[in-house]
Amino acid sequence: MHSDRTPASSDSVTAIILFSGGLDSRLAARLVADQGIRLLAVHFTSDFLPDRIPADVSGTTAAAAAMGMELRTTDITDELIALVENPPHGYGSELNPCIDCRILQLRHAREIMARTGAAFIVTGEVLGQRPMTQRKGMMRHTEKEAGVAGRVLRPLSARLLEPTLAERAGWVERRRLCAFSGRRRTPQIQLAEQLGVTDYPAPAGGCRLTDPGYALRLRDLLCHGGLCRADLPLLPIGRHFRLGETTRLIVGRDESENDMLSASARDPDVLIACTAHPGPTSLLRGESSGENLRTAARITARYGKGRDEAVVEVKAWGAKTGCWNVPPAGRNEFTPLLIAGERGGSCGAGS
Ligand code: SF4
């Protein structure tokens, strides 16, 4: 459990800040650090974030260091997979279990509080900015579920919320905090100018779990045996076909995707490409029986330059090797197998 001892003054108080490195968390950090609070920054990362940029490359480490904060990075991919498979509080607009994800993050922060003797938690949340998690009632609920009720200070909206322990104890002055609400960014940009915060990153793509196309492919996996961490890097790339209950084909759309598919192959995956015509590399994952292999070869040939030939030569390597002459698939022959287009899954996952 977290420490309940009460530091005598703000000079001796440490807080944990959930630090994404974006503008809101940088401003929240400044508003609290400027009142003499020592901050320990925690950065959560996962394979559901676009491009999985390491904190030191994205500038988060440098931003924390510039503010004098130690930064700890915590990978929550495996815990998020479990929540995507079974979210106690349900999903948001797609397969994003945001309420449970926030509870998870606050629980991690609570554990760090217990280990470090920190007195409270700071976040860059803004009331009303996100419909699912940033409503007053839900903020109270997530704190309670995480075992940190009353200990989460949200400096950007604090004057619109109940006073927290940090304010009641006098460690931070409430009047020096903000009363921002809603999705408009203008107040934060103005505050950044006032505080001289200039080097913040532009808003990034955000968590892929909220992306409809990504969620469609994820939903397909949930309906066919569940999630595996090794599948996650493949979800944003290529065209995906469902060839059987346990079998998928992913067809590269350009050279970089072809390279990524080649690099992602693991036993017993099969890689497929045309030998004499430029075209995609495809990855067959699952049951690579004769019929699936032939279908995969014909689909691969369909997306190559030899698509109008009567037959093209296709090679396979990896768990199966060989060369075959196959007729390229017809224009819409395998469209029903394509995992794209309509939203929703047949098994009801995420609906
Ligand atoms: S958008 Fe993704 S990372 Fe953010 S709270 Fe929701 S599930 Fe978690």
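Every value quoted in this text rests on a predicted model; they were computed, and no experiment measured them. (Residues numbered from 1 in each chain as written. Predicted model: local features only at pLDDT ≥ 70, side-chain atom pairs only at ≥ 80, totals over all residues. Heavy atoms only, no water.)

(A) Focus on the environment of Arg242. With respect to the helices, strands and loops of the structure, Arg242 is situated in strand S6 (residues 239–244). The sequence separation of Arg242 and Gly68 amounts to 174 residues, and the corresponding C-alpha distance is 50 Å. If we skip the residues at most four places from it in the chain, Arg242 touches Asp220, Leu221, His224, Thr247, Arg248, Leu337 and Ile339. At 2.5 Å, the side chain of Arg242 forms a polar contact with the side chain of Asp220. (Helix = DSSP H or I, 4+ residues; strand = E, 2+ residues; numbered from the N terminus. Contact = heavy atoms within 4.5 Å. Polar contact = N/O pair within 3.5 Å; in protein donor to acceptor, adjacent residues only side chain to side chain.)

(B) Representation of the site of the ligand in the model. Neighbouring the ligand are Pro97, Cys98, Cys101 and Cys207. Per-class residue counts for the shell around the ligand are four nonpolar, no polar and no charged. (Near = heavy atom within 4 Å. Nonpolar A, V, L, I, M, F, W, Y, C, P; charged D, E, K, R; others polar.)

(C) Fine view of the sheet that holds strand S7 (residues 247–251). Ordered in space as S6-S7-S9-S8-S10-S11, the six strands form an open sheet in which the pairing is antiparallel. Either end of the sheet is taken by a strand with one partner, and the two such strands are S6 and strand S11 (322–326). Taken pair by pair, the neighbouring strands of this sheet meet at an average axis angle of 25 degrees, ignoring direction. Both S7 and strand S9 (residues 281–285) contribute to a ladder of four bridges, which runs antiparallel. Opposite Arg248, over in S9, you have Arg285 as the bridge partner. Those strands touched by helix H11 (residues 290–302) are S6, S7, strand S8 (270–274), S9, strand S10 (312–318) and S11, and its axis lies near 40 degrees from that of S8. (Pairing = 2+ DSSP bridges. Axes fitted to C-alpha atoms, helices over the stretch in contact; angles between N-to-C directions.)

(D) Representation of the packing of helix H5 (residues 98–116) against helix H6 (residues 136–146) in the model. Where H5 contacts H6, the two axes come as close as 8 Å, and the packing angle between them is 50 degrees. As judged from the angle between their axes, H5 and H6 are oblique. At the point where H5 passes H6, the crossing takes the right-handed sense. Across the interface between the two elements, Ile99, Arg102, Ile103, Leu106, Arg107 and Arg110 of H5 pack against Met138, Thr142, Glu143, Glu145 and Ala146 of H6. Considered class by class, the residues forming the contact of H5 with H6 number five nonpolar, one polar and five charged. (Parallel < 35°, antiparallel > 145°, perpendicular 65-115°, else oblique. Left-handed = near helix turned anticlockwise from the far one by under 90°.)

(E) Looking closely at the sheet that holds strand S4 (residues 120–122). The five strands lie next to each other as S3-S2-S1-S4-S5, forming an open sheet whose pairing is parallel. Lying at the two open borders of the sheet, with one neighbouring strand each, are strand S3 (70–75) and strand S5 (152–153). The sheet contact formed by strand S1 (residues 14–18) and strand S2 (residues 38–45) spans five bridges and is parallel. Within the sheet, the bridge partner assigned to Ile17 lies in S2 and is Ala41. Relative to S1, helix H1 (residues 23–33) is tilted by about 170 degrees, and along the sheet it contacts S1, S2, S4 and S5. The sheet strands contacting H5 are S1, S2, S3, S4 and S5, and the helix crosses S1 at an angle near 155 degrees.

(F) Summary view of the packing of H1 against helix H8 (residues 186–195). Interaxial distance between H1 and H8 falls to 11 Å at its minimum, and their mutual angle equals 45 degrees. Between H1 and H8, the angle falls in the class oblique. Note that H1 runs across H8; the crossing there is left-handed. Judged by residue contacts, Leu23, Asp24, Leu27, Arg30 and Leu31 of H1 engage Gln188, Ile189, Leu191, Ala192 and Leu195 from H8. Taken together, the residues of the contact of H1 with H8 break down into seven nonpolar, one polar and two charged.

(G) Highlighting the pattern of salt bridges. The final tally for this structure, using the stated rule, is 20 salt bridges. For Asp78, the salt bridge goes to Arg229, with nearest N and O atoms at 3.4 Å. Of this pair, Asp78 sits in helix H4 (residues 77–85) while Arg229 sits in the loop between helix H9 (212–223) and S6; the two residues are 151 residues apart in sequence, bridging distant segments of the chain. Relative accessible area serves as the criterion here: at 30%, Arg229 is assigned to the partly exposed category. Among the salt bridges present, the one from Asp220 reaches Arg242, with a minimum N-O distance of 2.5 Å. Note that Asp220 is positioned in helix H9 and Arg242 in strand S6, a separation of 22 residues in sequence. Summarising the burial analysis for this pair, Asp220 and Arg242 share the class buried. (Salt bridge = Lys/Arg side-chain N within 4 Å of Asp/Glu carboxyl O. Buried < 20%, exposed > 50% of the residue type's maximum accessible area, 1.4 Å probe, protein only.)

(H) Structural view of the domain arrangement of the chain. The assigned domain composition of the chain is domain 1 (10–195) and domain 2 (211–337). Relative to domain 2, the C-alpha centre of domain 1 lies at a distance of 41 Å. Facing 12 residues of domain 1, the contacting portion of domain 2 comprises 11 residues. Note that Arg229 is salt-bridged to Asp47, the shortest N-O span being 3.0 Å. Counting residues per element, the side of domain 1 that touches domain 2 draws most heavily on H4, at five residues. Within the side of domain 1 that touches domain 2, the residues separate by chemical class into five nonpolar, one polar and six charged. (Domains from an automatic or database assignment.)

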